[in-house]
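Chain by chain, the residues run as shown.
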Amino acid sequence: MSEQVKAVKGMNDILPPVSARWEWFEDVVRALMRRYAYQNIRTPIVEHTPLFVRGLGEVTDIVEKEMYSFEDKLNGDPLTLRPEGTAGVVRAVAEHSMLYDGGKRLYYIGQMFRHERPQKGRYRQFHQVGVEALGFAGPDVDAEVILMARSLLRDLGLTDVRLELNSLGQPAERQAHRAALISYFEAHQDQLDEEARRRLHSNPLRILDTKNPAMQALVEAAPKLMDYLGEASLAHLAAVRAALDAVGQPYTLNPRLVRGMDYYNLTVFEWVTDRLGSQGTVCGGGRYDGLIEQIGGKAAPAVGWGLGIERVLALIDDAGIEVPLPVPDVYAVLPDASALGTAIAVIEALRAAGVSVQMHAGGKDGQGSFKSQFKKADASGARFALVFGGDELAQGMVAVKSLRDAAIGQRLEPLADVTGWAQSLRGNA
Ligand code: ATP
Ligand code: MG
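Keep in mind the model is a prediction, meaning the values are calculated, not measured.

Caption draft 1: Region of interest: unusual backbone geometry. In this model, P16 is joined to P17 through a cis peptide bond whose omega is 5 degrees. Along the chain, P17 turns up in the segment before α1 (18-36). Within the chain, S97 stands out as a residue other than glycine whose phi angle is a positive 45 degrees. With respect to the helices, strands and loops of the structure, S97 is situated in the loop between α4 (86-95) and β5 (104-113). We note that L266 has phi near 45 degrees; this positive angle belongs to a residue other than glycine. Inspection of the secondary structure puts L266 in strand β9 (residues 265-272). You can call L266 buried: its relative accessible area is 6%.

Spelled out as structure tokens, the structure:
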């Protein structure tokens, strides 16, 4: 026997019945997007590497160490599996001049790739839902996207996820803050870890994002960007806060919230839980007014977020939230293979009428005993068994037996009028 081929480390198969939870989640997402009038966008999983290097920033965790990059075999082009969704959406928006007639509100669902150390809530292939509102400069749309995430979490039944908010101001304000940060960290060189020392002059803001516990006190006391914001930035933040207050959404102002990519400005936010350890950020986003221009498009303001599906589903598990799992309405029992012709015609008519039917399929040794078929019918979770027995068929009838409610028992329905009784079998009828 040859050696068994396994999935790549950190990349998971999503198998039934768990995949049904994913489908449920995606249904909730799509319903939400319709309510907020966001349109779906689907971009390739592979992009030119410079898109991410220029878009996310050279001195970021993702670009420095997490990207799956390779060369195109034919022309040597550097390519990368997308580590996040925003850069690709922005590329597509610019490439197709999608903003020519005004702003666009978009969403995506899909897999992302980052070469991280796999652990609970952190994988090498993971999935995100993301929204991007492009072409809108005002704080109103910042509030809208933040509240969309709130609605999504609520629709999923998650109530204890809290909101953290910050403003990263504008580039000039960050520049002044950056100078102050460098002086501060220079004065405390001895307390910096190796990574921080390396980033001290290239990207000191990133030091604030450190996960090293030994540096928390130092980072806590560092100069705050908030103290460097000008009037316009403060007004933008105030307007977002006022909108959140208006709908009664609490939040914590977290001056240390800097996010993992360089493209953000003004509003940044995260939805955070205490239940997933250091993988507690389920959704993160913010404004990125400079990104489109950065990757060569016509400048346009934008704001969005990305939400980690694995983490949200883990939260749903953890909170014991019941997810409705689909079961067939009907399990079709065929005591004798000779009934197949009649049975399959009835089954197809039922399916065409919207009834979900799992048909018993026999092996090469026949249908299996009546008893074993009923065992399978029970295990399927179906509410009814449709029994294509020889005697009933001879009378032009099929037996419908309730599998969940003995009081209902069994009744006969005419083969000639399937549409007449199909609706009575539907779960949502
Ligand atoms: P973290 O600080 O946990 O590494 P991040 O800031 O790198 O998160 P983002 O780039 O903002 O994360 O991505 C948005 C969301 O995607 C995160 O809030 C998280 O829910 C999810 N996510 C990010 N990386 C992973 C991963 N490796 N595996 C699973 N989910 C992830
Ligand atoms: Mg990360």
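Caption draft 2: Seen up close, the side chain of T267. One can find T267 in strand β9. Among the residues examined, T267 registers a relative accessible area of 2% and is labelled buried. Those residues in contact with T267 that lie beyond four places of it in its chain are D142, I146, L165, N166, S167, H236, V240, G285, G286 and R287.

Caption draft 3: How the structure looks around the nonpolar core. Counting residues in hydrophobic clusters, the biggest one holds 47 residues, and the most contacted among them are L56, L134, F185 and L208. Ranked by residue count, the leading element in this core is α4, at five residues. Aside from chain neighbours lying at most four places away, what touches L134 is V89, V90, V93, L99, G103, K104, L106, Y288, I292, P301 and A302. Listed in part, the 45 residues of the second largest apolar core include W24, Y38, Y107 and V282.

Caption draft 4: Here's a closer look at α4. Of all the 10 residues making up α4, eight are buried; the element is thus mostly covered by neighbouring parts of the structure. Every buried residue belonging to α4 is among T86, A87, G88, V89, V90, R91, A92 and V93, and all of these are buried. The secondary structure elements touched by the buried residues of α4 are β2 (46-48), α2 (49-56), β5, β6 (125-134) and α11 (291-294).

Caption draft 5: Fine view of the environment of P204. Along the chain, P204 falls in helix α8 (residues 204-207). Given a relative accessible area of 1%, P204 falls into the buried group. Sequence separation between P204 and R178 is 26 residues; the distance between their C-alpha atoms is 6.7 Å. Excluding anything up to four places from it in sequence, P204 contacts R178, L181, I182, F185 and R199.

Procedures and definitions
Residues numbered from 1 in each chain as written. Chains lettered and ligands numbered in written order. Predicted model: local features only at pLDDT ≥ 70, side-chain atom pairs only at ≥ 80, totals over all residues. Heavy atoms only, no water. Helix = DSSP H or I, 4+ residues; strand = E, 2+ residues; numbered from the N terminus. Buried < 20%, exposed > 50% of the residue type's maximum accessible area, 1.4 Å probe, protein only. Contact = heavy atoms within 4.5 Å. Core = buried A, V, L, I, M, F, W, Y, C linked by side-chain atoms within 4.5 Å.

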